[in-house]
Amino acid sequence: MTTTFFFLLGTLLLLMRTAFFPALPEWLGRPDIHLILIVFISLHLNIWSSTFIILLLGLILDIVSGIFGGLYPITLLLLMMGIRFLSQKLIIKDRAPQIPVVLLSYLFINTIIYLTTTIVTTGESLPWDWRPVLFQMFVLGILTMPCFSLFVFLNKWLLSEKTIFPFRRKSGGNRFKVQR
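What you see is a predicted model; the values in this text were computed from it and never measured.

**Considering the overall build of the chain**
So, step 1. Within the chain, the regular secondary structure consists of 6 helices and 0 strands.
So, step 2. Along the chain, helices (α) and strands (β) appear in the sequence α-α-α-α-α-α when read from the amino end.
So, step 3. For the chain, buried positions account for 36% of its 180 residues.
So, step 4. A sequence separation of at least 24 residues applies to 69% of the contacts in the chain between residues at least 6 apart.
So, step 5. Of the accessible surface of the chain, which amounts to about 11,300 Å², a share of 68% is contributed by carbon and sulfur atoms.

Spelled out as structure tokens, the structure:
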């Protein structure tokens, strides 16, 4: 249930990134909120669910805005493995290190994509401008804590027994037994 919900939420965030955020003015920023979800999934879901969700979201991101096939899924899976490795050695599930983890993840993804496209493209080198990257990191830093709080709330709500989803409720026994 949580896997399906977070996959649909990630798909919605990717659609917002590709359809809604480019229409915003540039001074407002175009945040990659799906990256916050990917870091959350890497930290809080089990290995199989997080790998499945991140691979599918990477494929969707690759289809929508990818330059080279398979670049986003591989980068996101490497990011997930790095975050899971760090979460075993360091305490990064607490609130304090969440913002630096998201910001370093943003830098990691942009660096890998920039280096790969620079190496693979022939001829000229692509320009790297720090100003928009730092601005996007600033916007992500502001949005990280509210998004993480929302994702934690949704995860706890989905795992609780008192959800509104009918297939999550426990049945009270045999419904077809004749009552006398």
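Let's pick the thread back up.
**Points about the pattern of salt bridges**
So, step 1. Enumeration over the complete set of coordinates arrives at 1 salt bridge.
So, step 2. Among the ionic pairs, Asp32 bridges to Arg17, the shortest N-O distance being 3.1 Å. Of the two residues, Asp32 is situated in the loop between α1 (2-20) and α2 (33-44) and Arg17 in helix α1; the sequence distance between them amounts to 15 residues.
So, step 3. On the basis of relative accessible area, Arg17 is assigned to the partly exposed category, the value being 21%.

**Points about the side chain of Asp62**
So, step 1. For Asp62, the location among the structural elements is in helix α3 (residues 47-65).
So, step 2. This buried residue, Asp62, is left without a salt bridge; Arg17 holds the nearest opposite charge, at 9.6 Å.
So, step 3. For Asp62, the contacting residues outside a window of four places in its chain are Phe68, Gly69, Gly70, Leu71, Tyr72 and Pro73.

**Notes on the side chain of His34**
So, step 1. When you line up the elements, His34 lands in helix α2.
So, step 2. The class for His34 is buried, based on a relative accessible area of 7%.
So, step 3. What His34 contacts, discounting residues up to four positions off in sequence, is Leu13, Leu14, Arg17 and Leu61.

**Structural notes on α3**
So, step 1. Here α3 is 19 residues long and its end C-alpha atoms lie 26 Å apart, about the 27 Å a rise of 1.5 Å per residue gives.
So, step 2. What α3 keeps buried is the set Ser49, Ser50, Ile53, Ile54, Leu57, Gly58, Leu61 and Asp62.
So, step 3. Against the buried residues of α3 lie α1, α2 and α4 (71-89).

**Quick look at the nonpolar core**
So, step 1. Judged by nonpolar contacts, the single largest core of 41 residues is most densely connected at Phe6 and Phe151.
So, step 2. Contributing elements (two or more residues each) for this core: α1, α2, α3, α4, α5 (98-120) and α6 (130-159).
So, step 3. Considering every element that reaches this core, the biggest residue donor is α2, with 9 residues.
So, step 4. Those residues in contact with Phe151, other than ones at most four positions away along the chain, are Phe6, Leu9, Leu13, Ile36, Leu37 and Phe40.

**A look at a nonpolar patch on the surface**
So, step 1. A grouping of Ile74, Leu78, Met81 and Phe108 is seen on the molecular surface, where their side chains present a nonpolar patch of about 370 Å² in accessible area.
So, step 2. Looking at the nonpolar patch element by element, the count peaks at 3 residues for α4.
So, step 3. Looking at where Ile74 falls in the secondary structure, it is placed in helix α4.

Cut-off values and rules
Residues numbered from 1 in each chain as written. Predicted model: local features only at pLDDT ≥ 70, side-chain atom pairs only at ≥ 80, totals over all residues. Heavy atoms only, no water. Helix = DSSP H or I, 4+ residues; strand = E, 2+ residues; numbered from the N terminus. Buried < 20%, exposed > 50% of the residue type's maximum accessible area, 1.4 Å probe, protein only. Contact = heavy atoms within 4.5 Å. Areas by Shrake-Rupley, 256 points an atom, 1.4 Å probe, with all protein chains shown as cover. Salt bridge = Lys/Arg side-chain N within 4 Å of Asp/Glu carboxyl O. Lys, Arg positive; Asp, Glu negative; His and termini not counted. Expected span 1.5 Å × (residues − 1). Core = buried A, V, L, I, M, F, W, Y, C linked by side-chain atoms within 4.5 Å. Patch = residues over 30% accessible without salt bridge, like charges linked within 9 Å, V, L, I, M, F, W, Y side chains within 5 Å.

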